[in-house]
Amino acid sequence: MALVPSSSVDPPIIPEVEMNGSDLGASTVRATVVQASTVFYDTPATLDKAERLLAEAASYGSQLVVFPEAFIGGYPRGSTFGVTLGNRSVKGKEEFRKYHASAIDVPGPEVDRLASLAGKYKVFLVMGAIERAGYTLYCTVLFFDPQGQFLGKHRKLMPTGLERIIWGFGDGSTIPVYDTPVGKIGSLICWENRMPLLRTALYAKGVEIYCAPTADARETWQASMTHIALEGGCFVLSANQFCRRKDYPSPPDYIFSGLGEEPSPETVVCKGGSVIISPSGTVLAGPNYEGEALISADLDLGEIVRAKFDFDVVGHYSRPDVLSLTVRDHPQDPVLFTSASKTESSEKQ
C-alpha cells in the first residue's frame, strides 16, 4: 500500500492510498472510496468539494468512485435534535429546519450537477445523500454512470437508533443492482448491511461490487465488511467520513452530545476506516484511520468467479426447498387514489 502523488502540476487535494496492480486487463476495474467530511449546512460547498475529490480520483484512473453515507446533506453526528420522550424542543425543531434545508430533492438541481460531474470525469459515481421528499428526509444512495446519467437510488431501509427521528424508512422498491460495464453495482447503507435478508436480496440480484457507505468507524465494522465479501463472493467498498469537531457548526448553534464534555475543535469525532475487500476476504486497501484520503484498489473481476466456485449463497450453496425469501419490491405508498389508478390502467390498454 502506497501514497500515490498526483500526476498533475498541482499537489493532490488529499492523498490517495492505493494498492498497486499489475497486468491490468479488461477484467480489472480501478475503484476509489472517498474518506472525507461534509461541509455541514452548506450543500453548495459540499458539492464543490465533491467535484474536487472526483477530479483527483479521476486523475488516478478511477472508474468507480464511492462516497460516504450522507455526504451530501451531512450526517448529524452528536445531535439529539432536542428530542426527549414526549417532547421536542424549539431549538431542536429549528435544527431540523436547517437540516431539511441542506437536503436535496431527487430528482433536482443537485442531482443534475452530480450527473454532470460523473459525465465530466467519466466515472461511475455512488453518492451518499440526504434526500428531501416533501417534509420527510431519507438517507439515500444515488447512482450515476460515466455518460452523465442518473441511474437511480437506494433509500436506507432501516435507520438506526436516533436516526429514526429524522429519516423516513425506505421500501423494497429501491434495492437496485445496476448491470454496468465495470460489474453489477449495488449498495446498502451502514447498519442495514447487518440485515441478513436484505443482503440476500442484493445477492439474488447478482451484486458484484457491493458498496457500503457508512457512519460506523469502529473496528468491528471491518469484520462485517469481510464477512459480506466472503458471503456474497463480491468486492466490498466501504466509504466513511473522517471528521473533526470543527467540521460541524460551533456551539451553541450545534451541541455535540454523547461524548461527555463538549469536544475541542481538533477532536476526531469520526475516524473513518474506509476499506476495499476482495471476494476472498483479502483487504486490498485500507482501512484508513489517519485522515481524509482517497483509498483505491484494482479489482480483478475474475476473483468473483473463483470465489463463487467455493460458495454461491444464492446458487449451488442455497437450499430453496428448505429456506426461501420473498421480497416485496413495489412502492409502499401511504395514500392511493383510485381515480389515478384507473386512468393509468386505461392508458396502458
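About the criteria used
Residues numbered from 1 in each chain as written. Predicted model: local features only at pLDDT ≥ 70, side-chain atom pairs only at ≥ 80, totals over all residues. Heavy atoms only, no water. UniProt positions renumbered as here; feature names shortened; annotations may be inferred. Helix = DSSP H or I, 4+ residues; strand = E, 2+ residues; numbered from the N terminus. Buried < 20%, exposed > 50% of the residue type's maximum accessible area, 1.4 Å probe, protein only. Contact = heavy atoms within 4.5 Å. Areas by Shrake-Rupley, 256 points an atom, 1.4 Å probe, with all protein chains shown as cover. Salt bridge = Lys/Arg side-chain N within 4 Å of Asp/Glu carboxyl O. Axes fitted to C-alpha atoms, helices over the stretch in contact; angles between N-to-C directions. Parallel < 35°, antiparallel > 145°, perpendicular 65-115°, else oblique. Left-handed = near helix turned anticlockwise from the far one by under 90°. Nonpolar A, V, L, I, M, F, W, Y, C, P; charged D, E, K, R; others polar. Phe/Tyr/Trp six-rings, centres within 6.5 Å; stacked < 30°, edge-to-face > 60°. Lys NZ or Arg CZ within 6 Å of the ring centre and 35° of its normal. Right-handed = clockwise from strand over helix to strand, strands pointing away. Expected span 1.5 Å × (residues − 1). Polar contact = N/O pair within 3.5 Å; in protein donor to acceptor, adjacent residues only side chain to side chain.

As annotated in an unreviewed UniProt entry, the protein carries the name cyanoalanine nitrilase and comes from Rhynchospora pubera. Per UniProt, the protein carries the Sequence similarities (unreviewed entry) text "Belongs to the carbon-nitrogen hydrolase superfamily. Nitrilase family." Listed under Catalytic activity (unreviewed entry) in UniProt, the entry text for the protein is "3-cyano-L-alanine + 2 H2O = L-aspartate + NH4(+)".

A.B. asks: Tell me about the overall build of the protein, and please be specific about residues and values.
C.D. replies: Helices and strands together make up the secondary structure of the protein, namely 7 helices and 18 strands. Residue burial in the protein is summarised as follows: out of 349 residues, 51% are buried. Restricting to contacts in the protein with at least 6 residues of sequence separation, those with at least 24 account for 69%. Here the protein has roughly 16400 Å² of accessible surface; of this, 55% comes from carbon and sulfur atoms.

A.B. asks: Please set out the pattern of salt bridges residue by residue, giving values where relevant.
C.D. replies: Enumeration according to the criterion identifies 19 salt bridges in this entry. Close ionic contact of Asp 298 with Arg 30 constitutes a salt bridge, the shortest N to O distance being 2.7 Å. Placement of the pair is Asp 298 in strand β18 (residues 293–300) and Arg 30 in strand β3 (residues 28–35), with a sequence separation of 268 residues. Accessibility assignment for this pair places Asp 298 and Arg 30 in one class, buried. In this structure, Glu 163 and Lys 156 form a salt bridge, with 2.9 Å as the shortest nitrogen-oxygen distance. Judged by relative accessible area, Glu 163 falls into the buried class, the value being 7%.

A.B. asks: I'd love a proper account of the packing of helix α1 (residues 43–59) against helix α3 (residues 109–121), names of residues and values included.
C.D. replies: With their axes 10 Å apart at the nearest point, α1 and α3 run at an angle of 15° to one another. Relative to α3, α1 is oriented roughly parallel. By crossing handedness, the relation of α1 to α3 is classed as right-handed. Facing α1, whose interface residues are Thr 43, Pro 44, Leu 47, Asp 48, Glu 51, Leu 54, Ala 55 and Ala 58, α3 presents Glu 110, Arg 113, Leu 114, Leu 117, Lys 120 and Tyr 121. Among the residues forming the contact of α1 with α3, the class breakdown is 8 nonpolar, 1 polar and 5 charged.

A.B. asks: Quick one: what's the story with the packing of aromatic side chains, residue by residue and with numbers?
C.D. replies: All told, the structure shown has 15 aromatic pairs when counted by the stated rule. Between Phe 144 and Phe 150 the ring centres are 5.4 Å apart and the planes differ by 40°, which places this aromatic pair in the tilted class. Note on Phe 144: relative accessible area 1%, which makes it buried. Ring centres of Tyr 254 and Phe 256 lie 6.2 Å apart, and the angle between their planes is 45°; this geometry places the pair in the tilted category. Given the relative accessible area of 0%, Tyr 254 is considered buried. Taken together, the ring pairs in this structure connect Phe 40, Tyr 41, Phe 81, Phe 96, Tyr 99, Tyr 248, Tyr 254 and Phe 256 into an aromatic cluster. Seen from the ring of Tyr 138, Arg 155 lies directly overhead, with NZ or CZ sitting 3.8 Å from the centre. Over the ring of Trp 191 we find Arg 194, and its NZ or CZ is 4.1 Å from the ring centre.

A.B. asks: Residues and numbers for the pairing of strand β13 (residues 235–238), please.
C.D. replies: Side-chain alternation along β13 places Phe 235 and Leu 237 on one buried face and Val 236 and Ser 238 on a second face that is also buried. Handedness of the strand β12 (residues 209–211)-helix α5 (residues 220–232)-β13 crossover: right-handed.

A.B. asks: So what's going on with α1? Which residues, and what values?
C.D. replies: In a regular helix each residue adds 1.5 Å, so 17 residues correspond to 24 Å; α1 covers 24 Å between its end C-alpha atoms and thus fits that length. Among the residues of α1, Thr 43, Thr 46, Leu 47, Lys 49, Ala 50, Glu 51, Leu 53, Leu 54, Glu 56 and Ala 57 are the ones counted as buried. With a side-chain oxygen lying 3.1 Å from the backbone nitrogen of Ala 45, the N-terminal cap of α1 falls on Asp 42. Gly 61 sits one or two positions beyond α1 and adopts a positive phi of about 85°.

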